[in-house]
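Secondary and tertiary structure notes
The primary structure of each chain is shown beneath.
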Amino acid sequence: MYYLIILYLYSVKQYLFGKRAMSDPTVEFDVFSNLRDRLIAGAFEHGAKLRAEVLRVEYDCSASNIREILFRLSMAGLVDFQEQRGFRVPVQSKTRRHELAEMRILLEAEGLERSINNGGVEWEARLTGAHHKLSHIESRISSTGEVEPLAALWSVAEKEFHQTLLAACGSTLMQTTHGLIYDQFRQQVVNAKTNYGYYSDNIVDHKAILDAALDRNAPLARQKVHEHLARNLRENHADIDTK
C-alpha cells in the first residue's frame, strides 16, 4: 500500500513539474509558486471559491492562465475542483488531517532514519543550520506571543528543517513525496484560528529531533518525530469540525 501511494504521488509530481508547455514559463512559474505559497500559508479561507476572474487582475495575466495554474494546484491536492462549482480551497477535515499526519510520520521517520545511516558531516551541518534558523524564529515568536508577523518566515524555516531531515535519505522519490504531503498537511492546519499551526511545544520538539539525529540514535529520532506530529492524529485534536 505504501509503495502504491508513493508511485501515485510521483506520477502527480511528474504531471505538475514535467514537460508541460507554457506560453511564458517564467511568469507562469512565478504565479504558480506564489499562489501555492499563499494557499499553504492560510491566505485564503478554507472552502473559499477561487475565481480566475479575480486572480487574473491580481496577477496581471489571463484568466485561462489562472485556470491552468489552479488545475495544476488541484493535482497537487492544494485546490479542489468540481464541474459546475469551479475551484475552491479545500475545507478543513479531521479525517484529512489525520491521514496526512500519518503519512508525514511514516515518511519523516523512515527518511530520517535513512539520513542518519547515510548522512555525513555535511548533512549534520545543514541540519544544524536549518534548526538554528528555525529556533531563532520560534524563540522570537515565543517571546512576543505573536505568530502572525512572523508566520510566513516561520513557515519557510519550518519546512526547510523538516525537509533537511530527509536530505540524506538517498531517495529523491521519498523527498518529493514528502514535499507534496507536507504542503497539503500545512494547508490543513494553518489559519488564524489555529495560530497558523504554531505550538509552543515546537521549540522543544524540534530540538529533541535534532539531538537524536546528531546522536545517530535512529529509534529515538523516530519516536521524537512521532511525538511531534501525534497531536494531529484524529484522536488527539479537537480544534476543527469533525468531518
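Attention in this report is confined to the structure presented alongside it.

Thoughts on the overall build of the protein chain
Assigned secondary structure in the protein chain consists of ten helices and three strands. In the protein chain, the order of α-helices and β-strands from amino to carboxyl end is α-α-β-α-α-β-β-α-α-α-α-α-α. A total of 243 residues make up the protein chain; the buried ones form 45% of that total. Look at the contacts in the protein chain between residues 6 or more apart in sequence, and 76% of them connect residues 24 or more apart. Put simply, the protein chain shows about 12,400 Å² of open surface, and 52% of that area lies on carbon and sulfur atoms.

As for the side chain of Arg104
Looking at the element boundaries, Arg104 is found in helix 5 (residues 94-118). You can call Arg104 buried: its relative accessible area is 1%. Engagement of the side chain of Arg104 in a polar contact is seen with the side chain of Glu108, the distance being 2.7 Å. Here Arg104 is in contact with Ala109, His162, Ile181, Tyr182, Phe185 and Leu229, once residues within four sequence places are set aside.

Things to note about the sheet that holds strand 3 (residues 86-88)
Sheet strands pair by backbone hydrogen bonding; their relative direction is either parallel or antiparallel. Reading across from one edge, 1-3-2 is the order of the three strands in this open sheet, with antiparallel pairing throughout. What marks the edges here is a single partner per strand, and that holds for strand 1 (49-50) and strand 2 (80-82). In this structure, strand 1 lies alongside strand 3, joined through two bridges in antiparallel fashion. By the bridge assignment for strand 3, Lys49 is matched with Arg88.

Side note on the side chain of His228
Here His228 is to be found in helix 10 (residues 218-229). Judged by its relative accessible area of 3%, His228 falls in the buried class. Ignoring any residue separated from it by four or fewer positions in sequence, one finds His228 in contact with Glu158, His162, Asn202, Asp205, His206 and Ile209.

Quick word on unusual backbone geometry
Of note in the backbone geometry, Asp60 takes a positive phi value of approximately 55 degrees without being a glycine. Position of Asp60 relative to the elements: it lies in the loop between helix 3 (52-59) and helix 4 (63-75). A relative accessible area of 71% places Asp60 in the exposed class. Not every positive phi belongs to a glycine, and Arg216 is a case in point at roughly 60 degrees. Structurally, Arg216 is set in the loop between helix 9 (202-214) and helix 10. Exposure remark for Arg216: the relative accessible area of 31% places this residue in the partly exposed category.

Regarding the packing of aromatic side chains
All told, the structure shown has two aromatic pairs when counted by the stated rule. Lying across the ring of Phe32, Arg72 places its NZ or CZ 4.1 Å from the centre. Above the plane of the ring of Tyr199 lies Arg231, whose end atom (NZ or CZ) is 4.1 Å from the centre.

Description of the nonpolar core
Of all hydrophobic cores here, the largest spans 39 residues; its most connected members are Leu112, Ile116, Trp123, Leu127, Phe161 and Leu165. Elements that contribute at least two residues to this core include exactly helix 5, helix 6 (121-144), helix 7 (151-165), helix 8 (172-189), helix 9 and helix 10. Per-element tally for this core: the top contributor is helix 5, with seven residues. Not counting chain neighbours up to four residues away, the residues in contact with Leu165 comprise Glu108, Gly111, Leu112, Ser115, Trp123, Leu127 and Ile209. Ranked by size, the runner-up nonpolar core spans 20 residues in total, among them Phe32, Leu39, Leu73 and Phe87.

Topic: the pattern of salt bridges
As enumerated under the stated definition, the model contains 13 salt bridges in all. Between Arg67 and Glu53 there is a salt bridge, and its shortest N-O distance comes to 3.0 Å. Of this pair, Arg67 sits in helix 4 while Glu53 is found in helix 3, placing the two residues 14 residues apart along the sequence. For Arg67, a relative accessible area of 39% corresponds to the partly exposed category. Here Glu53 falls in the partly exposed class, since its relative accessible area comes to 47%.

Reading guide: rules and limits
- Residue positions within a chain follow its written sequence, with the count starting from 1.
- For this predicted model, a pLDDT threshold of at least 70 governs which residues receive local features, and a threshold of 80 or more governs which side-chain atom pairs are given and counted, while totals over whole chains, interfaces and linings are taken from all residues.
- To obtain the side-chain values, all non-hydrogen atoms of the structure were included, while hydrogens and water were left out.
- A run of DSSP states H or I qualifies as a helix once it reaches four residues; a run of E qualifies as a strand once it reaches two. Both are numbered from the N-terminal end.
- Here the term buried applies to any residue with accessible area under 20% of the maximum for its type, exposed to any over 50%, and partly exposed to those in between, with areas from a 1.4 Å probe on protein chains only.
- Contacts are assigned to residue pairs that have any heavy atoms within 4.5 Å of one another.
- Throughout, the Shrake-Rupley method with a 1.4 Å probe supplies accessible areas, and for residues the shown protein chains are the sole cover considered.
- Think of a polar contact as two N or O atoms within 3.5 Å of one another; within protein, one of them needs to be a possible hydrogen donor and the other a possible acceptor, and neighboring residues in sequence only count if both atoms come from side chains.
- Pairing between strands requires that DSSP locate at least two bridges from one strand to the other.
- Between the rings of Phe, Tyr and Trp (Trp by its six-membered ring), a pair exists once the centres lie within 6.5 Å; its type follows the angle of the planes, with under 30 degrees stacked, over 60 edge-to-face, and the other angles tilted.
- As a reminder, the over-ring test applies to NZ of lysine and CZ of arginine, requiring each to be within 6 Å of the ring centre and within 35 degrees of the ring normal.
- Take the buried Ala, Val, Leu, Ile, Met, Phe, Trp, Tyr and Cys residues and link them wherever side-chain atoms come within 4.5 Å; each set so joined is a nonpolar core.
- Salt bridge criterion: a side-chain nitrogen from Lys or Arg within 4 Å of a carboxyl oxygen from Asp or Glu.

Everything listed here is a matter of coordinates, which is why it stays silent on function.
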